[in-house]
Amino acid sequence: MTTTAHDITYRLEQKRRVQADFPGPKSVALTQRRKAVVAAGVASSVPVFVADADGGIIHDVDGNSFIDLGSGIAVTSVGASDPAVVGAVKEAVEHFTHTCFMVTPYEGYVAVAEQLNRLTPGDHEKRTVLFNSGAEAVENAVKVARLATGRDAVVAFDHAYHGRTNLTMALTAKAVPYKTNFGPFAPEVYRMPMSYPFREENPAITGAEAAKRAITMIEKQIGGEQVAAIIIEPIQGEGGFIVPATGFLPALAAWAKDKGIVFIADEVQSGFCRTGEWFAVNHEGVIPDIITMAKGIAGGMPLSAITGRAELLDAVHPGGLGGTYGGNPVACAAALASIGSMEQYDLNARARHIEEIALGKLNELAAEQSVIGDVRGRGAMLAIELVQAGTKEPNPELTKAVAAACLKEGVIILTCGTYGNVIRLLPPLVISDELLLDGLQVLAAAVKANA
Ligand code: PLZ
């Protein structure tokens, strides 16, 4: 039986409505205020200010409503105001907003660790640490791997995105806008070729062969015994929703195990039901040594985590890991409620249902529009890669035009990709079928009108 969103009740009407004067006067005024005080380096892709959000809908301050196909970059999987999360946050905040787990601990932190140890792949003994952002989780996964192995080198991949802090910028592949002029970068980071089926020179290359290509390069350029960690997004996010060829991840993980290298799966974007499994590595039965999590974990509250083998995490001396706010009690309450909603609504099944609906529509569109070079993704993490008609030449101009056309019609979609030519769909998993179909129809019309 397919789970539908029909048992989910929405507080806001689930309908898009954009007035002719979009962006409206209140948003325009707020944009002016913002320009005078907020640094220009923080950019927003949508020129309206939010008043309310629920289910698959975002309301702006001028009375427009938008279909949300971005979930605030894969965060609000349970919706932006899931009643269970809202209730848990209210309850928690009335008792204490903060004590610092490193000073006076509280149960919520332990309960989140129990849940993450249960939900992450593998039945080995695990330990968890909580932080605030995805980048912080990645930084700490690398710290642990280096300490536990006594090695320095870290391997990352082409098209990778791991964050904006110094170490995670070094791990991130794309220069503009993430790295240019922000150096010097953290040392001992090595970049290897990814498996990117659509852009392989030899389209017949298997996942195992693509892994061999990377492994040979690691052996030649670094030496397996020098490598502390391999970090990889099982489905790459910002880099373009790249799904590696089947067999790539298992082959890399097996080789890492053989060499005593810590295999880190960065599931910050792909985790928590997003791909129709709790974690994207589950699709191929890969068991990471450490997994990094954030985004979908806490229904929008800032929380991140690393969960990994007990012997790795417990190798770190007391005081070596932590941070003032890491595992904030309100965020922990939100995470517990959010995981509860994922289970209650079986959001893994919902993500697979979204895949069924959306992939069908996207494939139909691709069959008639030669500007769509590739359709890919899993669950509710889907994308189309736009090209110059009939070629593989990236088409970032069309990508921008399509996103802008969708927005004018009341649909928020995000773009990504090393070449800026990928439209990604990341709807809240609680979106109704009707709203999703409406959003997809707007997207299809926007591609047709601009191709
Ligand atoms: N790892 C796989 O996707 C965050 C950031 C967009 P933070 N991705 C969206 C932007 O322009 O900043 C991300 C990710 C993966 C790590 C991160 C970093 O997570 O919570 O943004 O630090």
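Residues numbered from 1 in each chain as written. Predicted model: local features only at pLDDT ≥ 70, side-chain atom pairs only at ≥ 80, totals over all residues. Heavy atoms only, no water.

**Student:** Lay out the overall build of the protein in plain terms, naming residues and giving numbers.
**Tutor:** Counting its regular elements, the protein contains 13 helices and 15 strands. Since a compact globule built from 451 residues should have a radius of gyration of about 22 Å, the 21 Å found for the protein is in line with a globular shape. The C-alpha extent of the protein, read off along each of the three principal axes, is 60 × 60 × 55 Å. Counting over 451 residues, the protein shows a buried share of 55%. Once local pairs closer than 6 in sequence are excluded, the contacts in the protein between residues at least 24 apart make up 74%. Here the protein has roughly 18,600 Å² of accessible surface; of this, 54% comes from carbon and sulfur atoms. Looking at the protein, you have 38 positive and 49 negative side-chain charges, and the mean spots of the two groups are 5 Å apart. (Helix = DSSP H or I, 4+ residues; strand = E, 2+ residues; numbered from the N terminus. Rg over C-alpha atoms; globule rule 2.2 N^0.38 Å. Buried < 20%, exposed > 50% of the residue type's maximum accessible area, 1.4 Å probe, protein only. Contact = heavy atoms within 4.5 Å. Areas by Shrake-Rupley, 256 points an atom, 1.4 Å probe, with all protein chains shown as cover. Lys, Arg positive; Asp, Glu negative; His and termini not counted. Charge placed at Lys NZ, Arg CZ, Asp CG, Glu CD.)

**Student:** So what's going on with the sheet that holds strand β2 (residues 57-60)? Residues and values would help.
**Tutor:** Taken in spatial order, the 4 strands of this open sheet run β1-β2-β3-β13, and their pairing is mixed. Two strands bound the open sheet, and with one partner strand each, they are β1 (50-54) and β13 (411-412). Here β2 runs beside strand β3 (residues 65-68); their pairing, made up of 3 bridges, is antiparallel. In the sheet register, I58 faces β3, and the bridge partner there is F66. (Pairing = 2+ DSSP bridges.)

**Student:** Can you tell me about the packing of aromatic side chains, naming the residues and giving the values?
**Tutor:** For the coordinates displayed, the defined rule picks out 8 aromatic pairs. Taken together, a centroid distance of 3.7 Å and an interplanar angle of 10° make the contact between F101 and Y109 stacked. By relative accessible area, which is 24% here, F101 ends up partly exposed. Y109 sits in the buried class, given a relative accessible area of 9%. Look at F272 and W278: their rings are 6.4 Å apart centre to centre, the planes differ by 90°, and that puts the pair in the edge-to-face class. Of the residues examined, F272 reaches a relative accessible area of 0% and is grouped as buried. (Phe/Tyr/Trp six-rings, centres within 6.5 Å; stacked < 30°, edge-to-face > 60°.)

**Student:** Which residues make up the pairing of strand β7 (residues 227-232), and what values go with them?
**Tutor:** Burial analysis of β7 places 6 of its 6 residues in the buried class, which makes it a mostly covered element. As defined by bridge partners, strand β5 (residues 153-157) adjoins β7 across 3 bridges and the pair is classed as parallel. Residue pairing in the sheet places V154 in a bridge with A229 of β7. Sheet topology places β7 next to strand β8 (residues 262-266); 4 bridges connect them, and they run parallel.

**Student:** Explain the site of the ligand to me, using residue names and the numbers behind them.
**Tutor:** Surrounding the ligand, one finds 15 residues, the nearest of these being G134, A135, R164, D266 and Q269. Within the side chain of R164, one N or O atom sits 2.6 Å away from an oxygen atom of the ligand. Notes on the ligand: free accessible area 510 Å², of which the protein chains cover 82%. Its residues assigned to classes, the shell around the ligand comprises 5 nonpolar, 5 polar and 5 charged. (Near = heavy atom within 4 Å. Polar contact = N/O pair within 3.5 Å; in protein donor to acceptor, adjacent residues only side chain to side chain. Nonpolar A, V, L, I, M, F, W, Y, C, P; charged D, E, K, R; others polar.)

**Student:** Describe the pairing of β1, listing the residues and the values that go with them.
**Tutor:** Pairing geometry for β1 and β2, over 4 bridges, is antiparallel. Bridge assignment links A53 to a residue of β2, and that residue is I58. Between the antiparallel neighbours β1 and β2 lie 2 residues, among them G55 with a positive phi of about 60°.

**Student:** So what about the layout of surface pockets? Which residues, and what values?
**Tutor:** Within this model, the second largest pocket holds a volume of roughly 390 Å³. Lining of the second largest pocket is provided by 20 residues; of these, F101, Y109, T128, V129 and L321 occupy positions nearest its centre. Looking at the lining of the second largest pocket, the elements with two or more residues in it are α4 (107-119) and β4 (126-131). For the lining of the second largest pocket, the leading source of residues is β4, giving 4 residues. Here the residues of the lining of the second largest pocket sort into 11 nonpolar, 7 polar and 2 charged. (1 Å grid on protein atoms, 1.4 Å probe; cavity = no way out; pocket = protein on both sides within 12 Å on 5 of 7 lines; lining within 4 Å. Points joined across faces, edges and corners; volume = space filled by probe spheres on them.)

**Student:** Any chance you could break down the domain arrangement of the protein for me, citing the residues and the numbers?
**Tutor:** How big an interface is tends to be stated in terms of accessible area lost as the parts join. According to the domain assignment, the protein consists of domain 1 (5-78 + 346-450) and domain 2 (86-344). Taken over C-alpha atoms, the centre of domain 1 sits 26 Å from the centre of domain 2. Contact with domain 1, which involves 38 residues of that partner, is made by 33 residues of domain 2. Summed over both partners, the interface of domain 1 with domain 2 buries about 3,000 Å², with 55% contributed by carbon and sulfur atoms. Considering only the surface of domain 1 that becomes buried against domain 2, N348, R378 and M381 emerge as the three largest contributors, covering 25% of it. Seen at the junction of domain 1 and domain 2, the total is 2 salt bridges. (Domains from an automatic or database assignment. Buried area = accessible area lost by both parts, 1.4 Å probe. Salt bridge = Lys/Arg side-chain N within 4 Å of Asp/Glu carboxyl O.)

**Student:** Lay out the packing of helix α11 (residues 347-368) against helix α13 (residues 433-450) in plain terms, naming residues and giving numbers.
**Tutor:** The interhelical angle for the contact between α11 and α13, taken along N-to-C directions, is 20°, at an axis separation of 11 Å. With respect to each other, α11 and α13 are oriented roughly parallel. For the element pair α11 and α13, the recorded crossing hand is right-handed. Here R350, H353, I354, I357, A358, K361, L362, L365 and E368 of α11 come into contact with α13, specifically with D433, L436, L437, L440, L443, A444, V447 and K448. Looking at side-chain class alone, the contact of α11 with α13 contains 11 nonpolar, 1 polar and 5 charged residues. (Axes fitted to C-alpha atoms, helices over the stretch in contact; angles between N-to-C directions. Parallel < 35°, antiparallel > 145°, perpendicular 65-115°, else oblique. Left-handed = near helix turned anticlockwise from the far one by under 90°.)

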